[in-house]
Amino acid sequence: MDEHEALVVRDSNGTVLKDGDSVTVIKDLKVRGSSGVIKRGTMVKNIRLTDDADEIEGKVEKSVMVLRTEFLKKA
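Residues numbered from 1 in each chain as written. Predicted model: local features only at pLDDT ≥ 70, side-chain atom pairs only at ≥ 80, totals over all residues. Heavy atoms only, no water.

A. Spatial organisation of the overall build of the protein. If you tally the helices and strands in the protein, you get one helix and ten strands. Here the protein has a C-alpha radius of gyration of 12 Å; the compact-globule value for 75 residues is 11 Å, and the two agree. Dimensions of the protein, computed from C-alpha atoms along their principal axes, come out at roughly 40 × 20 × 15 Å. Taken over 75 residues, the protein has a buried fraction of 28%. For the protein, the exposed surface amounts to about 5,300 Å²; the carbon and sulfur share of it is 45%. Each charge sign in the protein was given a centre, from 14 positive and 14 negative side chains, and these centres are 10 Å apart. (Helix = DSSP H or I, 4+ residues; strand = E, 2+ residues; numbered from the N terminus. Rg over C-alpha atoms; globule rule 2.2 N^0.38 Å. Buried < 20%, exposed > 50% of the residue type's maximum accessible area, 1.4 Å probe, protein only. Areas by Shrake-Rupley, 256 points an atom, 1.4 Å probe, with all protein chains shown as cover. Lys, Arg positive; Asp, Glu negative; His and termini not counted. Charge placed at Lys NZ, Arg CZ, Asp CG, Glu CD.)

Here it is, written out as structure tokens:
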């Protein structure tokens, strides 16, 4: 069995997330190493799952960022 098949990634509401899904940020998030903020309601499209069930990768404002699933909900 492949690692990604055994790994179940869920959003803040418990909905299962998959590669290519779109998610919405549910809370303003400060960006580490920057003075920027990802605003609540920001849509992150075409996410990629990581090896960690608590994190996903997505493109936010032309930058690829790793986001914690506890601050996301499936769109």
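Structure shown, so let's carry the discussion forward.
B. Structural view of the pairing of strand β9 (residues 63-68). Strand direction decides the pairing type here: strand β8 (residues 55-60) and β9, joined by six bridges, are antiparallel. When the sheet's bridge partners are listed, K59 is paired in β9 with V64. The turn linking β8 back onto β9 is made up of two residues, and E61 within it adopts a positive phi angle of 50 degrees. (Pairing = 2+ DSSP bridges.)

C. Highlighting the sheet that holds β9. Pairing is antiparallel across the open sheet formed by three strands, whose spatial order is β7-β8-β9. Each edge of the open sheet carries a strand with a single partner, namely β7 (48-49) and β9. Direction of pairing for β7 relative to β8: antiparallel, over a ladder of two bridges. Within β8, the position partnered with R48 by the bridge is E57.

D. Main features of the nonpolar core. Counting residues in hydrophobic clusters, the biggest one holds 14 residues, and the most contacted among them are I38, V44, I47, I56 and L67. In this structure I38 touches V25, K27, D28, L29, V31, V60, M65 and L67, once residues within four positions along its chain are discounted. (Core = buried A, V, L, I, M, F, W, Y, C linked by side-chain atoms within 4.5 Å. Contact = heavy atoms within 4.5 Å.)

By themselves these figures say nothing about function.
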